[in-house]
Amino acid sequence: MNENVIEIVSYLVKRIMHNEDIIENEKKLIQRLLNQGYEIDDIDMAFELIFTSDLPQNDNEEGRLEFNDAHRVLDFKERFKLSLPVQGVLIRLSTLSLISDEELEKILEKTLHFREPEIGLKNLWRVLQKVINNPARLSLIIENSPEFKSINEEHKRYIN
């Protein structure tokens, strides 16, 4: 691999790290790189290096690719709207498989409709109660979420 490809890859990675959608701006990026004197073959090789991966994947019956161990990433609006403790709870619940991917999407959708500029743990708990209509699973979520300590203490009073 020549030095030009490495420079192009470095440039593209910096763009990705700054949350720029390089796929959407691909034509502009290619033209900018060509104007800087890079060869089209080097540009193609750099894009190929970045966008081909050896992630384990399975084809399902419908022909869609499924990635093992893939995790949902919060978009800008979601990161802005959800407090850090709420983001942490959602990541933990998803990682522990206490909520399904579909439930996570419903939770995120409902939280974005709140008028408050930032969603805290109390509002998250209200949303969880609406999305998960199963008291046993809600108990399990309470017990595995130290952030809901006050809810957990109240919950234990009713159980004992």
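Just above, that's the structure.
Anyway, here's the lowdown on the structure attached to this text. None of these values were measured; they are calculated from a predicted model.

Parameters and conventions
Residues numbered from 1 in each chain as written. Predicted model: local features only at pLDDT ≥ 70, side-chain atom pairs only at ≥ 80, totals over all residues. Heavy atoms only, no water. Core = buried A, V, L, I, M, F, W, Y, C linked by side-chain atoms within 4.5 Å. Buried < 20%, exposed > 50% of the residue type's maximum accessible area, 1.4 Å probe, protein only. Helix = DSSP H or I, 4+ residues; strand = E, 2+ residues; numbered from the N terminus. Contact = heavy atoms within 4.5 Å. Axes fitted to C-alpha atoms, helices over the stretch in contact; angles between N-to-C directions. Parallel < 35°, antiparallel > 145°, perpendicular 65-115°, else oblique. Left-handed = near helix turned anticlockwise from the far one by under 90°. Nonpolar A, V, L, I, M, F, W, Y, C, P; charged D, E, K, R; others polar. Salt bridge = Lys/Arg side-chain N within 4 Å of Asp/Glu carboxyl O. Polar contact = N/O pair within 3.5 Å; in protein donor to acceptor, adjacent residues only side chain to side chain.

### Things to note about the nonpolar core
Judged by nonpolar contacts, the single largest core of 22 residues is most densely connected at Leu90, Ile99, Ile107, Leu124, Leu128 and Ile141. Those elements that provide at least two residues to this core are helix H5 (84–95), helix H6 (101–111), helix H7 (121–131) and helix H8 (135–143). Ranked by residues supplied to this core, first place goes to H7 with 5 residues. Beyond its immediate chain neighbours, meaning those up to four positions away, Ile99 contacts Leu90, Leu93, Ser94, Leu104, Ile107, Ile132, Arg137 and Ile141.

### Brief notes about the packing of H7 against H8
Packing of H7 against H8 leaves a shortest axis separation of 10 Å and a crossing angle of 150°. With respect to H8, the axis of H7 lies roughly antiparallel. For H7 against H8, the interelement crossing comes out right-handed. Of the residues in H8, those touching H7 at Trp125, Leu128 and Gln129 are Leu138, Ile141 and Ile142. Tallied by class, the residues present in the contact of H7 with H8 amount to 5 nonpolar, 1 polar and no charged.

### Overview of the environment of Val73
Its location among the elements puts Val73 in the loop between strand E2 (65–67) and helix H4 (76–81). As for Val73 and Ile91, which are separated by 18 residues in sequence, their C-alpha atoms are 9.4 Å apart.

### What about the pattern of salt bridges?
Applying the stated rule across the entire model yields 2 salt bridges. One salt bridge connects Arg137 with Glu103, and the closest N-O pair in it is separated by 2.6 Å. A residue pair is termed long-range when its members are at least 10 positions apart, and Arg137 in helix H8 and Glu103 in helix H6 qualify at 34 residues. Note on Glu103: relative accessible area 14%, which makes it buried.

### Quick word on the side chain of Glu103
Among the polar contacts made by the side chain of Glu103, one reaches the main-chain amide nitrogen of Ser100 at a distance of 2.8 Å. Apart from residues lying up to four places away in sequence, Glu103 is in contact with Leu98, Val131, Ile132 and Arg137.

### What about the packing of H5 against H7?
Contact pair H5 / H7: the axes reach a minimum separation of 9 Å and the direction vectors enclose 35°. Judged by the twist between their axes, the crossing of H5 over H7 is right-handed. Taken together, the residues of H7 that come into contact with H5 (itself represented by Pro85, Val86, Val89, Leu90 and Leu93) are Leu121, Leu124 and Leu128. For the contact of H5 with H7, the per-class residue count stands at 8 nonpolar, no polar and no charged.

### Focus: the environment of Arg32
Summarising the element assignment, Arg32 is placed in helix H2 (residues 26–35). The residues touching Arg32, leaving out its near neighbours within four places in the chain, are Tyr11 and Arg15.

### Focus on unusual backbone geometry
The phi dihedral of Ser97 falls on the positive side, at around 60°, and the residue is not glycine. You can see Ser97 is positioned in the loop between H5 and H6.

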